[in-house]
Amino acid sequence: MTDSTPRPGSVALITGGAGGFGRALAAKLAEREVTVVLADLDGERARATAADLGAHFEPLDVTDRAANAALVERIEAQHGRLDAAYLNAGISAATSDDELDLDEFLHVVDVDLFGVVYGAVAARPAIRRAGGGAIVVTASLAGLSPMATDPGYSVAKGGAIAFVRSMAPRLAREGTTITAVCPGFADTAIIDRIRDQFTQAGFPVLSAEEVADAMVMAWASGEPGAAYVVQPGVGTVPYRFKGVPSARTEGGETAVVPEALRPPSMR
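This report concerns the structure included in the present document. (Residues numbered from 1 in each chain as written. Predicted model: local features only at pLDDT ≥ 70, side-chain atom pairs only at ≥ 80, totals over all residues. Heavy atoms only, no water.)

### Digging into the overall build of the protein chain
For step 1, the next point in the chain: Across its full length, the protein chain holds seven helices and eight strands.
For step 2, the next point in the chain: In terms of overall dimensions, the protein chain is globule-like: its C-alpha atoms have a radius of gyration of 19 Å, near the 18 Å expected for 267 residues.
For step 3, the next point in the chain: Its C-alpha atoms give the protein chain principal-axis dimensions of roughly 65 × 50 × 35 Å.
For step 4, the next point in the chain: The contacts of the protein chain with a sequence gap of at least 6 include a subset with a gap of at least 24, amounting to 65%. (Helix = DSSP H or I, 4+ residues; strand = E, 2+ residues; numbered from the N terminus. Rg over C-alpha atoms; globule rule 2.2 N^0.38 Å. Contact = heavy atoms within 4.5 Å.)

### Structural notes on helix α3 (residues 65–79)
For step 1, the next point in the chain: Across its 15 residues, α3 extends 22 Å between first and last C-alpha, which sits within 8% of the 21 Å expected from 1.5 Å per residue.
For step 2, the next point in the chain: Every buried residue of α3 is accounted for by N68, L71, V72 and I75. One side of α3 carries all its buried residues, which in axial view fall inside an arc of 95°. Opposite the packed face of α3, turned more than 90 degrees from it, sit the exposed residues A66, E73 and A77.
For step 3, the next point in the chain: Tucked into the core, α3 has its buried residues touching β1 (11–15), β2 (35–40), β3 (56–59) and α4 (102–129).
For step 4, the next point in the chain: The N-cap residue of α3 is D64: its side-chain oxygen and the backbone nitrogen of A66 are 3.1 Å apart.
For step 5, the next point in the chain: Taken from the residues just after α3, G80 is the one with a positive phi, measuring 85°. (Expected span 1.5 Å × (residues − 1). Buried < 20%, exposed > 50% of the residue type's maximum accessible area, 1.4 Å probe, protein only. Arc of directions from axis to C-beta. Polar contact = N/O pair within 3.5 Å; in protein donor to acceptor, adjacent residues only side chain to side chain.)

### With respect to the environment of F105
For step 1, the next point in the chain: Mapped onto the secondary structure, F105 falls in helix α4.
For step 2, the next point in the chain: Linking F105 and G152, residues 47 residues apart in sequence, is a C-alpha distance of 4.7 Å.

### Some details on the side chain of S10
For step 1, the next point in the chain: Examined against the element boundaries, S10 turns out to sit in the segment before β1.
For step 2, the next point in the chain: With sequence-adjacent residues up to four places away left out, S10 is seen in contact with T5, V34, T35, D83 and W219.

### Notes on the packing of aromatic side chains
For step 1, the next point in the chain: Under the criterion given, the structure shown has three aromatic pairs.
For step 2, the next point in the chain: Between Y239 and F241, the aromatic rings sit 4.9 Å apart at their centres with planes inclined by 80°, giving edge-to-face as the arrangement.
For step 3, the next point in the chain: For Y239, a relative accessible area of 36% gives the class partly exposed.
For step 4, the next point in the chain: In this arrangement the basic side chain of R165 is found over the ring face of F241, its NZ or CZ atom lying 3.7 Å from the centre. (Phe/Tyr/Trp six-rings, centres within 6.5 Å; stacked < 30°, edge-to-face > 60°. Lys NZ or Arg CZ within 6 Å of the ring centre and 35° of its normal.)

### Considerations on the sheet that holds strand β5 (residues 133–138)
For step 1, the next point in the chain: A sheet is described by the order of its strands in space; here eight strands give the open sequence β3-β2-β1-β4-β5-β6-β7-β8, paired in mixed fashion. Edge positions in the sheet fall to β3 and β8 (235–238), since each of these pairs with one other strand and no more. Strand-to-strand twist in this sheet, taken as the mean axis angle between neighbours without regard to direction, amounts to 20°.
For step 2, the next point in the chain: Two strands pair when backbone bridges link them, and β1 and β2 are joined in this way by five bridges, in the parallel orientation. Pairing of L13 across the sheet is with V37, part of β2.
For step 3, the next point in the chain: Along the sheet, α3 makes contact with β1, β2 and β3, crossing β3 at roughly 155°. (Pairing = 2+ DSSP bridges. Axes fitted to C-alpha atoms, helices over the stretch in contact; angles between N-to-C directions.)

### Quick look at the pairing of β2
For step 1, the next point in the chain: Burial within β2 is extensive, with five of its six residues counted as buried.
For step 2, the next point in the chain: Where the polypeptide runs from β1 across helix α1 (residues 20–31) and back to β2, its parallel neighbour, the crossover connection is right-handed.
For step 3, the next point in the chain: Two elements, β2 and β3, share four bridges in a ladder whose sense is parallel. When the bridges of β3 are listed, L38 appears paired with F57. (Right-handed = clockwise from strand over helix to strand, strands pointing away.)

### As for α4
For step 1, the next point in the chain: In this model α4 runs 40 Å from its N-terminal to its C-terminal C-alpha over 28 residues, within 8% of the 40 Å that 1.5 Å per residue would give.
For step 2, the next point in the chain: Of all the bends in α4, the largest measures some 35° and sits at F114.
For step 3, the next point in the chain: Near the N-terminus of α4, the side chain that reaches the backbone nitrogen of D103, with its oxygen 3.1 Å away, is that of D101.
For step 4, the next point in the chain: Looking one or two residues past α4, G131 carries a phi angle of roughly 100°, positive in sign. (Bend = angle between axes of the 7 residues up to and from the residue.)

Dropping the structure here:
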């Protein structure tokens, strides 16, 4: 568990900062006097959102590896440090046709998975230089229970969770906690094309503020490698991963996995 918490003078980066989760999170961090840098695709709406929240705006295409590194360099140059990176940018497929659109599939994976990888790699040394902190990845329940309607989104979010769990031990040694937040269906633009189905069914959706609360918690007290499920009426709870069947020795005894190869849930 990290000792770094959202406190006055801390600096946090939020990718996808102009979206629903990003806006709600920025407001909550601002209440704690955290310096917030909102990064998003450049545009008047994104810049206006940052200005309304009293945050700093930086243009960023998360699929551009070099741009991620350059952004972190600018943050350190302008603000002196980086304590937390919220890798929140994400998209979903525009349609749910039975025919898989490979170009769209790859674009979703590029944004939702490789955008996380590039962001984490860029933020890691800066957070280490700040004395440790947090990397919080916006994943989804789709990463734990794949959706038939959006294979690309499910693959990307599942990969992001696996990346978090795999990276957690090495980052923890540097004083950085990496976690994933896995919301259920939430009241953001990503459900716009199916919003009427939730309304007709009376299905509860999360508010952006509920998800932002989970994100703040993940920085303040997140456990390395944890995936936090956020559901209406349930709150925020750590997902308990089931272990795979263990190998057995020739004598029939349970083989012990070398410690360096164990995922966080086995330590």
